[in-house]
Amino acid sequence: MAKSKKKYMEAVDRTRASRMKWWNEARFGMFVHWGLYSQVGRQEWVMNVESIPVKKYEKLADTWKPKPRPMRQWARLAKKAGMKYMVMTTKHHEGFCLWDTEQTDYNAAKHGPGRDLVREYVDACREFGLKVGFYYSLMDWHHPDGARCAKDPKARRRFIDFTHGCVRELMTNYGKIDILWHDVSWPLDSPEKWESVKMNTMVRQLQPHIIINDRSQLDEDFSTPEGQVDPSETGRGWEACMTFNDVSWGYMPSAAIDSHTARDILKMLFTAASNQGNLLLNIGPAPDGSVPEEAVEPLTTVGKWLHENGEAVYGKVDRARIGMAAGGASRKGRTVYFWCRCWPGDELVVGGLRGGRLKKASYLVSGKPIKFEQTKNRLVLKGLPKTNPDKIAGVCVIKLEFKSEPRQILSAGCLPN
Ligand code: GLC
């Protein structure tokens, strides 16, 4: 008899803290959307949005000719950017499988690429020391039962067997997998219909250390706010997934003009670091697998910055509810890191600090001490330079070490948004 949902989730809850330790400290990962849609260059939803008939869309399977092992370029960039893990689309909504599967011929080994792209991806992650995540779309626009499974019980049976078969292969054939990232559970409207407990029990038997996201209609291990770095989730792991341009996950040349700068990315990372969350930032490689040009400079810059300021970002962080006019703070116990995006001038003032006498103030990067005065209600850092000393991205981190954990109590009761 299938394990009940309650019992299953209790078992998942019991092992979560140890399974998720690395993830809770990793903070920053690379999402990769790559598939047949990359050739069209008008979003990964193009098949649906432009109502392209299946037979016509299928032709893209044979014209897709990626260059050898482009994933090494992605993984090299991810590493350079200070990212700790990757998540790649093994099958997006279009239904094309990037691995050599026995469940369908509609796969990379049997068509244009002529090889197992998931294998190459896994190899690249391992070569560059990155944890390995698999994205898998439950929704499938290509499988003949992908839509009718909602109404026809026999079609549902076939489609669930196909889905579970795909997931089983992914969890069996590539060694240790660190993250399973399900997506869109249309058209079945309950975890019972997807047989999600059965599927994820199988996943956990095959990969006991894996962490699973919340998109198979079970809460599982972490939440996935999309398109906004939303820190409202508390008491549970959360990971904001973001495109590189607010337009498309898949390759789209014209979206490049809307792409994020290094400072935009640091802003997102700041919200994650100060609220115990992660940022999964996407790139949509070109059809041949090349990294989109617009991602290279911002990610490289963020990597340089993280190389020097990583202490304020990685590792076990606490929720920080401390701010000042020039930016906000991340916190680890009694140590507070102020991220100064807008330079305050020669003094930096923090109001309303309670319960924490300051022992030391210094620049995180140089370790150089900063003079300060602390009265009951105001902490004043003095003798700061005229302009922001961070020449990488204009975000200088000031480290404050308190004798005990500080709290901030302001007369308006809150900080500005
Ligand atoms: C949405 C979109 C999809 C994208 C995903 C990433 O669910 O349908 O295209 O892969 O978000 O989170």
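None of these values were measured; they are calculated from a predicted model.

The rules behind these values
Residues numbered from 1 in each chain as written. Predicted model: local features only at pLDDT ≥ 70, side-chain atom pairs only at ≥ 80, totals over all residues. Heavy atoms only, no water. Helix = DSSP H or I, 4+ residues; strand = E, 2+ residues; numbered from the N terminus. Rg over C-alpha atoms; globule rule 2.2 N^0.38 Å. Buried < 20%, exposed > 50% of the residue type's maximum accessible area, 1.4 Å probe, protein only. Contact = heavy atoms within 4.5 Å. Areas by Shrake-Rupley, 256 points an atom, 1.4 Å probe, with all protein chains shown as cover. Lys, Arg positive; Asp, Glu negative; His and termini not counted. Charge placed at Lys NZ, Arg CZ, Asp CG, Glu CD. Polar contact = N/O pair within 3.5 Å; in protein donor to acceptor, adjacent residues only side chain to side chain. Domains from an automatic or database assignment. Buried area = accessible area lost by both parts, 1.4 Å probe. Salt bridge = Lys/Arg side-chain N within 4 Å of Asp/Glu carboxyl O.

Caption draft 1: Region of the structure containing the overall build of the protein chain. A tally of regular secondary structure across the protein chain gives 13 helices and 18 strands. Taken over C-alpha atoms, the radius of gyration comes to 23 Å for the protein chain, in line with the 22 Å a tight globule of 417 residues would show. For the protein chain, the C-alpha atoms occupy an extent of roughly 75 × 50 × 35 Å along the three principal directions. Split into buried and exposed, the 417 residues of the protein chain put 59% on the buried side. Of the contacts formed within the protein chain by residues at least 6 apart in sequence, a portion of 71% connects residues at least 24 apart. Accessible surface, the protein chain: about 18000 Å² in total, of which carbon and sulfur atoms supply 52%. Of the side-chain charges in the protein chain, 64 are positive and 49 negative, and the distance between the mean point of each set is 7 Å.

Caption draft 2: Geometry of the side chain of Gln408. Residue position: Gln408 is located in strand β18 (residues 407-408). In this structure Gln408 comes out as buried when scored by relative accessible area, which is 14%. A distance of 2.8 Å separates a polar side-chain atom of Gln408 from the backbone nitrogen of Gly323. Within the local environment of Gln408, its side chain forms a polar contact with the backbone oxygen of Gly351, the two atoms lying 2.9 Å apart. Not counting the four nearest positions on each side in its chain, Gln408 is found in contact with Arg321, Ile322, Gly323, Val350, Gly351, Gly352, Leu353 and Leu415.

Caption draft 3: Looking closely at the domain arrangement of the protein chain. Annotation of the protein chain at the domain level lists domain 1 (2-312) and domain 2 (327-408). Between the C-alpha centres of domain 1 and domain 2 there is a distance of 38 Å. It is Arg263, Trp305 and Glu311 in domain 1 that bury the most area against domain 2; as a group they hold 42% of the surface buried on that side. Viewed at the interface, domain 2 and domain 1 are joined by 1 salt bridge. A salt bridge links Lys399 to Glu311; the shortest N-O distance between them is 2.8 Å. Viewed at the interface, domain 2 and domain 1 are joined by 8 residue pairs in polar contact (both at pLDDT 80 or more). Mapped onto the side of domain 1 that touches domain 2, the elements with two or more residues apiece are α12 (262-273) and α13 (293-309). Counting residues per element, the side of domain 1 that touches domain 2 draws most heavily on α12, at 6 residues.

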